[in-house]
Amino acid sequence: MKVLKFGGTSVADHHNIKKAVSVINNQNQKVVVVVSALGGVTDSLLEIIRLAKSKDKKYVDFLAGLKNRHMETFRNLVPENNSEEILLYIKNSFNHLNNLLEGCFLLGELSPKSKDTILSYGELLSSKIIFGYLKQNNVKISYKDSRELIQTDSNYGNANINFEVTDYLIQYYFDRNQSDITVLPGFIAQSADGYTTTLGRGGSDYTASVIAAALQVSQLEIWTDVSGMFTAHPKIVRQAKPIIQISYKEAMELSHFGAKVLYAPTIQPVMNKNIPVLIKNTFEPDADGTYISNTIVPNQNPVKGISHIDSIALLTLEGSGLVGNSGVSKRVFSALSREKINVIFITQASSEHSICLGISENEAQKAKRAIDNEFQYEIKQLLIRPVCVEKEISIIALVGENMKNHQGLSGKMFSTLGKNNVNIRAIAQGASERNISVVIAKKDIKKGLNCLHEKFFEDNIKQLNLFICGVGNVGAKFIEQIHLQKEYLKEQLRINIRVIALANSKKMHFDENGIQLENWKNVLEEGEKSCVSQFISKIEELNLRNSVFVDNTANENIAAIYDRFLKQNVAVVTCNKIACSSNLENYSNLKRLSAKYSVPFLFETNVGAGLPIIDTLKNLIASGDKINKIQAVLSGSLNFIFNNFNDENAFHDVVKQAKIEGYTEPDPKIDLSGIDVMRKILILIRESGYPMEIEEIDNKSFLPDEALKAESVEALFEALKNNNSYFKNIYKEALQKNSRLKYVASFENGKASVGLQQIEKEHPFYHLEGKDNIVMFYTNRYVEQPLLIKGAGAGADVTASGIFADVIRIGNI
């Protein structure tokens, strides 16, 4: 014999009931069928009670709608000529409900006893409907009212079962019952004096478990709308996986901490009799589901699942009067027990200076009053502070029977949350080490669950959530590279990159599930109007794990908001040089924030595009070397310009070509004026450990005044054209000396300069072709022969690859 229990979603309407009955008819042994109310009916009855107590006549319409729903459900299942008995039962039931609710409406109140009677009709009606449908095709079928089998005390709303009497009644009835199928309503029972009681929310699972234990059946099956218990809540953690096999105690822990597939008290009766429980999906009956038994499954992963509870209040009682004072905990729990307040979470500091309790948020004020009243003398004497109540709190729990055999799980849990800026308010772990629980802010629950699930269940695949600002030449190439390499990164480097947001100066678009990059341009074009403050707010609101802000702009306003991201534990990757070359105080603050919050702030492409210049410099410093001198050609655009400028072309034409090919900034004057090179050498100087402001760098500009004073790109090109002979003379002078023109940045003895120089053939800079950059570091270790880095230092492709490399670095952290 088996017991099958069907939840509310499995019997929500006539379509679902047919699926549930198909499961029942496919059984090849005797079955006991326990059913919940039709999906949502219990909540509807509670709302109707609320309206009636509030003297709101809308309850009458709500009740009529509920009646019609039950009538129509049955009519869609059973032909009219066979439906009279059940339809009459439905009508009589709603007449009784109407009488009870009319009294509630007139009095403006309802006793717990009457409330249980009203709520009982949800299961009574659904079980009668399913029985009536099954009876059409099954001869050996019976119906039994659970109130005649399960006896409880008079604790209405959450009654306690008298197991001695209940087991006898169940066994006595089924010993004489010859039916192949027996249908019973879940959730309801009866007190010793004959009144209807209920077993609390989720009580239908409990009903099924009690009957299964009393009859010592071969298996209890719970049929619901998901394929078993999952490693985390599948609606919050999309990568959550079904748990194929789990122990009783692990299932109890997960259920206690919010795994709603199974009502926590359900486990105890069947566990005592060693009866396995199988959780199955009514809508995918062939799926494996979750098998719960006494067997502890050997598993490489000691963590079986991650669960959580929302709407928690954290109560803290603290003060010197708690230290060394015996009986304090007893007084706290006694005060709460008198008010029938359930404690979900407990932790106490070893100093005994404070006790923290987690309870349901809607009981917080009642609990505060109870504890403050209990300790009113100590509070008046200033020995203990009044209870502090914190709301908007959630609990996350790691659960696993094998966790006790593995070291470092707590540390891994805490560090994972910490890296994602999830603050832990309290911690609890039982001696069994089957559960590690932490209290966090409710706003962080999604991020917390996802980052922990990623750490413990996703084969070490790290998901990065990118927010990209700037989709011009560099940004577009970066997106293209992500799209092309996405599968490779996932398979080879275990990094899953999702682009959550795109923005340019006109439009922005967010997709929490990740933007499809095949069509990103159209998606962005159809996005909302771009707004920097809204862009930031949305990132903070989403609060996703492993968030990375990528700045592909040259915008000063964007560079000014990096600190806000770093404080929110959002990593920053940027090719925008403005932040790192701004005033020293701002640069230093960004570096401090990065260290303080352990969040990456990477800007490799600030110097040399995709060349590993800054990374190499950091490694030199980290290994104990010291930078004494830097010589460099840091502008790929200027190198391209002077390599292509000759007798046969005009200077302004070469500059225009460099702009068209994407080698210069949108405003080429930034390159030509030396500002861009000044920023780059300043960044290298600061990364070398020397404090310096950009004003301290000597800029030996080669531009004529007319070009320097140009206020637009058009005016700049006009000035370059007007001064063509000036530039020709510069070129000829170098040519006469067998030299080439290079724009060089230098740093030595605390002084820095940038300017156009005539480079002789013997110098390493002479043969620098195209748009290449070159940097020479003279250090304590590289004295006579400098450490030299050379390669392409401009262009959208190489800059995008440098940004991509920084993103991958974050993925590998």
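Residues numbered from 1 in each chain as written. Predicted model: local features only at pLDDT ≥ 70, side-chain atom pairs only at ≥ 80, totals over all residues. Heavy atoms only, no water.

Colleague: Where do I start with the packing of aromatic side chains in this structure?
Modeller: Geometry of an aromatic ring pair is reported as the spacing of the ring centres plus the angle between the planes. Summed over the entire model, instances satisfying the criterion amount to 24 aromatic pairs. Their ring planes at 20° and their centres at 6.1 Å tell us that F6 and W223 sit as a pair that is stacked. Linking F6 in strand β1 (residues 2–6) with W223 in strand β8 (residues 219–224), this pair joins segments that are 217 residues apart in sequence. Look at F6 and you get buried, because its relative accessible area is 1%. Judged by its relative accessible area of 4%, W223 is buried. Each ring, one from Y690 and one from F747, has its centre 5.0 Å from the other, and the planes form 55°; the classification is tilted. With Y690 in the loop between α25 (675–687) and β26 (698–700) and F747 in strand β27 (residues 740–748), this pair connects stretches of sequence that are 57 residues apart. Residue class for Y690 comes out partly exposed when judged on its relative accessible area of 24%. Counting every residue linked through ring pairs, the aromatic cluster contains F467, F510, F535, F549, Y562, F565, F601 and F603. Its end group placed over the ring of F717, K656 keeps NZ or CZ at 5.3 Å from the ring centre. (Phe/Tyr/Trp six-rings, centres within 6.5 Å; stacked < 30°, edge-to-face > 60°. Helix = DSSP H or I, 4+ residues; strand = E, 2+ residues; numbered from the N terminus. Buried < 20%, exposed > 50% of the residue type's maximum accessible area, 1.4 Å probe, protein only. Lys NZ or Arg CZ within 6 Å of the ring centre and 35° of its normal.)

Colleague: What should I look at first to understand the sheet that holds strand β20 (residues 507–510) in this one?
Modeller: Pairing between the strands of a sheet comes from backbone hydrogen bonds, and it takes one of two forms, parallel or antiparallel. The sheet built from seven strands is open, its strands ordered β21-β20-β19-β18-β22-β23-β24 with mixed pairing. Looking along the sheet, the strands with just one partner apiece sit at the ends: β21 (528–529) and β24 (601–602). Sheet strands touched by helix α17 (residues 532–542): β18 (462–469), β19 (495–503), β20, β21 and β22 (547–551). Its angle to β20, the strand with the most contacts, is close to 5°. (Pairing = 2+ DSSP bridges. Contact = heavy atoms within 4.5 Å. Axes fitted to C-alpha atoms, helices over the stretch in contact; angles between N-to-C directions.)

Colleague: Explain the pattern of salt bridges to me, please; I cannot follow it from the model alone.
Modeller: Tallying each qualifying case throughout the model produces 30 salt bridges. Between R545 and E454 there is a salt bridge, with its nearest N and O atoms 3.3 Å apart. Here R545 is found in the loop between α17 and β22, whereas its partner E454 is found in helix α14 (residues 445–457), with 91 residues between them in sequence. Looking at R545, the relative accessible area reads 4%, which means it is buried. (Salt bridge = Lys/Arg side-chain N within 4 Å of Asp/Glu carboxyl O.)

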